[in-house]
Amino acid sequence: MITIIFGPPGSGKGTQAAIISERFHLPHISTGEILRDEVAAGSELGREVAPIMKGGGLIPDDMMVRVIEHRIAQPDAEPGVLLDGFPRTVPQAEALDGMLERTGREIGVVLFFDVPESELSKRIAHRAEIDHRADDTPEAFIHRMREYEAKTAPVLDYYQGRGTRVEFVNGNAPIEVVTDSILTIFGGNARREMV
Ligand code: AMP
């Protein structure tokens, strides 16, 4: 099953995706992580995306679609994946639907992490002290939030319009409480598998 972890920057997508991935043995595909690895490796892609990421902008759709197409074609992705940070625009969502259709797969659920903006900026400021991510500066955060509102938030309407299952998760809660609400969404069997 394809699960999409969706929400604004700092909403806890990466944290929850890592927990769920470990317990269900599903690959956690974070496009942000893939890109940060490319930047660290100094690859051609990395050199191209580094300045955009640093400023808090979005990488062009065609590049992101190529990255994800390559990743979900790997054998470990066959039983299902957790997508964290993709799709971030409606054209990316459309491209993903096309890819899945061609391979006979579908999106099981979109988990939307709801967190108020005041809390997001606090979390990003806290993460900046620990992780030293290039895009956790106050300026880049503001840009990321504006990009999120303009280009990413409409993805939710896209899925709702297509009848894809969308579930709201209160992300403004302690980590284990958020995990618990995800398990409830996944249902009773998932809950038993997890313990
Ligand atoms: P994240 O780790 O998901 O917060 O992503 C960090 C940064 O990587 C974003 O601010 C974008 O610059 C870039 N990025 C990650 N995923 C995407 C995507 N699906 N589309 C465009 N840019 C992305």
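Residues numbered from 1 in each chain as written. Predicted model: local features only at pLDDT ≥ 70, side-chain atom pairs only at ≥ 80, totals over all residues. Heavy atoms only, no water.

Right, let's get into the pattern of salt bridges. Tallied over the entire structure, the rule returns 15 salt bridges. Of the charged contacts in the structure, one is a salt bridge between E147 and K151, with a shortest N-O distance of 3.0 Å. Note that E147 and K151 are positioned in helix α7 (residues 138-162) at a spacing of four residues, about one turn of the helix. Shared partners join several salt bridges into a network, and the residues in it are R127, R133, D135, D136 and R144. (Salt bridge = Lys/Arg side-chain N within 4 Å of Asp/Glu carboxyl O. Helix = DSSP H or I, 4+ residues; strand = E, 2+ residues; numbered from the N terminus.)

Turning our eyes to something else, we now look at the confidence of the model for the chain. Note that predicted coordinates carrying low pLDDT should not be read in detail. Mean pLDDT over the chain works out to 94, with 96% of the residues at or above the 70 mark. Of all the helices and strands in the chain, helix α9 (residues 188-194) carries the lowest mean pLDDT, 56, while strand β2 (residues 28-30) carries the highest, 98. (pLDDT = per-residue confidence, 0-100.)

Pairing is parallel in the open sheet, where five strands are placed in the order β2-β3-β1-β4-β5. One side of each edge strand has no neighbouring strand; the edge strands of this open sheet are β2 and β5 (166-170). Ignoring which end each strand starts from, the neighbouring axes of this sheet average 25° apart. Strand direction decides the pairing type here: β2 and strand β3 (residues 81-84), joined by three bridges, are parallel. From the neighbouring strand, S30 faces β3, where its bridge partner is D84. Set on the sheet, helix α5 (residues 90-102) makes contact with β1 (2-6), β3 and β4 (107-114); between it and β4 the angle comes to about 155°. (Pairing = 2+ DSSP bridges. Axes fitted to C-alpha atoms, helices over the stretch in contact; angles between N-to-C directions. Contact = heavy atoms within 4.5 Å.)

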